[in-house]
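Descriptive structure summary
The chain contents come next:
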Amino acid sequence: MTQDEMKQAVAEAAVERIRPLLDSDTIIGVGTGSTANLFIDALAGIKHLFAGAVASSEATAERLRSHGIDVYDLNSVDQLAVYVDGADEFDPHLHLVKGGGGALTREKIVAAVAKEFICIVDSTKKVDLLGEFPLPVEVIPMARSHVARELVRLGGQPVYREGFVTDNGNVILDVQDMEILDPKALEQQINNIVGVVTNGLFACRPADVVLMGTPDGVEVLHDTH
């Protein structure tokens with residue numbers, strides 16, 4: 001099974017997993033990225049079973065609408081039954097690093113409102129310790145240099161993501177060589193830097209379940225500790 005086939009398999013597995021949760025009033029949260037896009041395409045086949053979706057990015061909203069799925073503003077929704085999204089890395093506690101596509105802030109907001117967070121990945125995203133993938137940090141533009149200096153103090157090497165602006169009008173610093181021994185503490189520490197909107201650690205609100213595509217099929221993973 002190729003990486004693309006593994007992604008396709010988990011996208012379809014996610015649709016089957018959420019199917020029992022759906023009714024005519026259900027609104028679901030949908031993430032951003034290549035695996036999330038495959039989930040949206042698979043979701044189109046059962047769009048008659050639910051009311052619509054909240055999107056974590058403009059690109060996701062566009063793709064949902066292209067399939068005839070209604071897109072809701074999160075401010076008009078009390079709770080989402082489920083949020084489905086990919087990740088750049090995940091560890092045995094289902095802590096994630098996200099934001100390679102730059103939608104981390106809206107992804108984190110949608111995840112916070114969801115009753116269940118299902119993460120869909122292929123097996124290349126599994127790590128024992130987070131940090132191999134550079135950690136994205138969304139930053140208010142005028143604070144970029146200040147935040148970068150603070151991130152260096154925390155032991156990372158921030159790299160400005162040239163030519164990229166988030167859907168919120170901000171910039172991203174990708175932090176390399178960051179030793180992430182305590183993801184929850186580091187998530188809070190970085191978020192407390194003035195000028196940071198949020199960072200790509202999803203540890204305070206980790207995934208509830210990970211569906212991982214492997215060459216042998218889809219594995220369902222829960223926090224092992």
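Coordinates for the structure precede this section.
These remarks concern the structure in this document. (Residues numbered from 1 in each chain as written. Predicted model: local features only at pLDDT ≥ 70, side-chain atom pairs only at ≥ 80, totals over all residues. Heavy atoms only, no water.)

**Details of the overall build of the chain**
Across its full length, the chain holds six helices and 13 strands. For a compact globule of 225 residues, the expected C-alpha radius of gyration is about 17 Å, and the chain comes in at 17 Å, within 12% of that figure. Principal-axis analysis of the C-alpha atoms gives the chain an extent of 50 × 40 × 30 Å. Put simply, the chain has 225 residues, and 51% of those count as buried. Carbon and sulfur atoms make up 48% of the accessible area of the chain, which amounts to about 10,200 Å² in all. Each charge class in the chain can be summarised by its mean position, and for the 18 positive and 34 negative side chains these summaries are 3 Å apart. (Helix = DSSP H or I, 4+ residues; strand = E, 2+ residues; numbered from the N terminus. Rg over C-alpha atoms; globule rule 2.2 N^0.38 Å. Buried < 20%, exposed > 50% of the residue type's maximum accessible area, 1.4 Å probe, protein only. Areas by Shrake-Rupley, 256 points an atom, 1.4 Å probe, with all protein chains shown as cover. Lys, Arg positive; Asp, Glu negative; His and termini not counted. Charge placed at Lys NZ, Arg CZ, Asp CG, Glu CD.)

**Considering the packing of helix α2 (residues 34–43) against helix α3 (residues 58–66)**
With their axes 9 Å apart at the nearest point, α2 and α3 run at an angle of 20 degrees to one another. By the criterion of interaxial angle, the relationship of α2 to α3 is roughly parallel. Seen along the crossing, α2 lies across α3 with a hand that is right-handed. Contact residues: α2 offers N37, I40 and D41, while α3 offers T60, R63 and L64. Along the lines of polarity and charge, the residues of the contact of α2 with α3 split into two nonpolar, two polar and two charged. (Axes fitted to C-alpha atoms, helices over the stretch in contact; angles between N-to-C directions. Parallel < 35°, antiparallel > 145°, perpendicular 65-115°, else oblique. Left-handed = near helix turned anticlockwise from the far one by under 90°. Contact = heavy atoms within 4.5 Å. Nonpolar A, V, L, I, M, F, W, Y, C, P; charged D, E, K, R; others polar.)

**Overview of the sheet that holds strand β11 (residues 201–202)**
Spatially, β4-β5-β11 is the arrangement adopted by the three strands of the open sheet, whose pairing is antiparallel. Sheet topology places β4 (89–90) and β11 at the edges, where each strand pairs with a single neighbour. Looking at chain direction, β4 and strand β5 (residues 96–97) are connected through two bridges and run antiparallel. Its bridge partner lying in β5, F90 is registered against L96. (Pairing = 2+ DSSP bridges.)

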